[in-house]
Each structure stands twice: as C-alpha cells, then as structure tokens.
Amino acid sequence: MNYLESYYANYDEEGRLASKHGQVEFLTTMKYIHKFIGGTEKKKILEVGAGTGRYSIALAREGHDVDALEYTTHNLEIMNSKIEGIANIRTCQGTALDLSRFADESFDLTLVLGPMYHMYTKKDKQKVLEEAIRVTKKLGHILVAYCMNEATMIQFTFKAGKIWDCINNHMLTDDFRCISEEKDLFEMVRLEEIDELNACFENVKRLKIVAADGATNYMREYIDAMDDATFDVWMKYHFSICERMDLIGATNHALDILEKINK
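What you see as residue numbers is a count from 1 along each chain, following the sequence as written. The model is predicted, so local features are restricted to residues of pLDDT at least 70 and side-chain atom pairs to those at 80 or more, both for listing and for counting; the totals for chains, interfaces and linings are taken over all residues. Values shown for side chains rest on all heavy atoms present in the structure; no hydrogens or waters enter the calculation.

## Concerning the overall build of the protein
Helix and strand assignments come from DSSP, with helices taken as H or I runs of at least 4 residues and strands as E runs of at least 2, each series counted from the N terminus. Of the regular secondary structure elements, the protein holds 12 helices and eight strands. It is over C-alpha atoms that the radius of gyration is taken, and the globule rule equals 2.2 Å times the number of residues to the power 0.38. Here the C-alpha radius of gyration of the protein, 18 Å, is about what a compact globule of 263 residues would show, namely 18 Å. If you line up the protein on its principal axes, its C-alpha atoms span 50 × 45 × 35 Å. Remark: exposure states derive from per-residue accessible area (1.4 Å probe, protein chains only) relative to the maximum for the residue type, with buried under 20%, exposed over 50%, and partly exposed in between. Going through the 263 residues of the protein one by one, you find that 51% of them count as buried. Throughout, a contact is declared for two residues whenever any of their heavy atoms are within 4.5 Å. Counting only contacts in the protein whose residues sit at least 6 apart along the sequence, the fraction spanning at least 24 positions is 75%. For the protein, the exposed surface amounts to about 12,600 Å²; the carbon and sulfur share of it is 53%. Placing the 32 positive and 43 negative side-chain charges of the protein at their respective mean positions leaves the two points 5 Å apart. Computed with the Shrake-Rupley method and a 1.4 Å probe, the accessible areas treat only the protein chains shown as cover for residues. Neither His nor the chain ends is counted toward charge; the positive residues are Lys and Arg and the negative residues Asp and Glu. Charge positions are represented by NZ for Lys, CZ for Arg, CG for Asp and CD for Glu.

Shown next as structure tokens:
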C-alpha cells in the first residue's frame, strides 16, 4: 500500500496553506527564500517535493526558472492544472531520493520543503540531502524543512489525548522521541538530529535555522479568527522571534538554510 499517495489524495494541502495559520509557514518560507536568492536577477530553482505547487508557482510568477518535482500523482495533477500559461516552470514526477534527471550544480536554489517529513531512516535522509546538495551550484542555497518532535508530542499526543495509545503501541522512546514508520506518514526530529545529518556533509554550512511557524499551530483557532490588522501584528512578532535558538525545537516546522561551500 502506498500510504503517502493515499494520504495526499484525501488531504487538502491547498486549503492548509491558504488558512491564516497555514500562511505563517508560507510567508516565513518565502521571506527567507527571497533573502537568499536576493535582488531581481532570475534564478534557477528546483523544488523537490513541490506538492500542489504553492512555492514553485509563486516563484515562477516572479520570473524565476523553476523545476518542480513531485512524488504523488494527486498533487502533481493539481499543480499541472494551475500552470497553464506559465512558460518558465517545468513539472515532473519523481522521488527526492533520486534526482539523476538533473545535472550536478544546476540550480541556484534547491527547496526540500516536504520530503524530509516522509523519510524514516538516517540513510534515506542522507540520500535526500546528498542529492539536493549535488544539484545545487557552489555558493547556492539549500532550504530543508523538518517536522519537529516536541510540537507533535505536545499537540498530537498529550493535547489530543493519545499519549497512552502511543506508549502502549511502542511509538515513543524512553526520552519521548516519536518513532515513525511509513504507515504513520510523518517523521519527527529534534534539532540535534538535524545537526547530526548536516555533519555528514563537508560541503555545506548552515546559515540559519528558522521556526517556520513557531507558536502558530498551538493556537491555530485564534490565528484563523484574527482580523487582518491583528494578523499583521502576529506576523511581525513571529518574524522577530523565529530565529531564536531557544524556540526552534518547539515549532511544528523548522527551516534549515544551508549554503554549498565553494571547495
């Protein structure tokens, strides 16, 4: 059974990113994309695991040359339905574990904003990052998103009343790290695990790691109910704290920003 295909065929990814609480993650990610691609010069961008195309299409509309690779048929079909008339975006189906269709050092920016959510072994995570680094130009940037362990523990085990189910089904380690399999759909990590993964590669360095949504999902019903003016203030607050290292581990989604070293 392909759990990922089944999940995304029945999940409204478009709706999630369109909600106010979903916009926080999108706006934060776009803020840092713009920070690291800089200026108005057209860039070559690859999005690995492009979903329904929210980021890829936005960047193509800004004039960048975009390749968007997506694993699931459902999401790819939605993305393809939205790109008519946009000449500078190419879509294809494939896995983040194999980017062999793309040559070495082809892209100024490589986005890996979903695949690490669904990689359950260190070997697979290393392969995804290795491939993303390979296709990125020297001094180019790789942005990698992760689902963080503690937000899941707090919201979806304790708050959701599922802590005993998780304990009894051996889904947690003794120190409360979530243990995921393919059927569980999402892999949770801690900051030290991201650091350990990055340490496997000598040709990248971290520039920043950012809390992409911070405290937003802990209070999503209040965020969604905000008027636009209050939401703008929330975004200013979020941007003022999203790089604080003491808060990174508690975000739902962390965005790791790497630069490929010129060596």
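## Remarks on the packing of aromatic side chains
Paired rings are identified among Phe, Tyr and Trp, the last through its six-membered ring, by centres lying within 6.5 Å, and are further divided according to the angle between planes into stacked (under 30 degrees), edge-to-face (over 60) and tilted (the rest). A complete count under the given rule lists four aromatic pairs for this structure. Ring centres of Phe102 and Phe107 lie 5.5 Å apart, and the angle between their planes is 80°; this geometry places the pair in the edge-to-face category. You'll find Phe102 and Phe107 in the same group, each marked buried. Each ring is checked for a lysine NZ or an arginine CZ that lies within 6 Å of its centre and within 35 degrees of its normal; such an atom marks a charge sitting over the ring. Here Lys35 stacks its cationic end above the ring of Phe36, 6.0 Å away from the centre of that ring.

## As for the packing of helix H3 (residues 20–37) against helix H11 (residues 228–241)
One way to put it is that H3 packs onto H11 with a least axis distance of 11 Å and a crossing angle of 45°. As judged from the angle between their axes, H3 and H11 are oblique. Judged by the sense of rotation from one axis to the other, the crossing of H3 with H11 is right-handed. Side by side, H3 and H11 meet where Lys20, Gln23, Val24, Leu27, Thr28 and Lys31 of the first sit next to Asp228, Phe231, Trp234, Met235, His238 and Phe239 of the second. Residues are grouped as follows: Ala, Val, Leu, Ile, Met, Phe, Trp, Tyr, Cys and Pro are nonpolar; Asp, Glu, Lys and Arg are charged; every other residue, Gly included, is polar. Split by residue class, the contact of H3 with H11 holds six nonpolar, three polar and three charged. Angular values range over 0 to 180 degrees, each being the angle between N-to-C directions of two axes fitted as lines to C-alpha atoms, with helices fitted over their stretch in contact. Angle categories: roughly parallel below 35 degrees, roughly antiparallel above 145, roughly perpendicular from 65 to 115, and oblique for all the rest. With the far helix as reference, a near helix turned anticlockwise by less than a right angle produces a left-handed crossing, and one turned clockwise produces a right-handed crossing.

## Focus: the pattern of salt bridges
Salt bridges are defined by distance alone: a side-chain nitrogen of Lys or Arg within 4 Å of a carboxyl oxygen of Asp or Glu. Taken as a whole, this structure holds 22 salt bridges when the rule is applied. A salt bridge links Asp67 to Arg90, with the shortest nitrogen-to-oxygen separation between them at 2.9 Å. Taken together, the positions of Asp67 in strand S2 (residues 65–70) and Arg90 in strand S3 (residues 89–93) put the pair 23 residues apart, joining distant regions of the chain. Its relative accessible area of 10% is what places Asp67 among the buried residues. Using a relative accessible area of 35% as the deciding quantity, one classes Arg90 as partly exposed.

## So, the pairing of strand S1 (residues 44–48)
With four of its five residues buried, S1 lies for the most part within the structure. Here is how to tell: hold the view so the strands point away, follow the path from the first strand over the helix to the second, and if it runs clockwise the crossover is right-handed. This β-α-β element, S1 to helix H4 (residues 54–61) to S2, shows right-handed connectivity.

## Some thoughts on a nonpolar patch on the surface
Without a salt bridge and with relative accessible area above 30%, a residue can belong to a patch; like charges are then joined within 9 Å and nonpolar side chains (Val, Leu, Ile, Met, Phe, Trp, Tyr) within 5 Å. A grouping of Phe158, Trp164, Ile167 and Phe176 is seen on the molecular surface, where their side chains present a nonpolar patch of about 450 Å² in accessible area. Relative to the helices and strands, Phe158 resides in helix H7 (residues 149–158).

Purely geometric stuff here, so don't read any function into it on its own.
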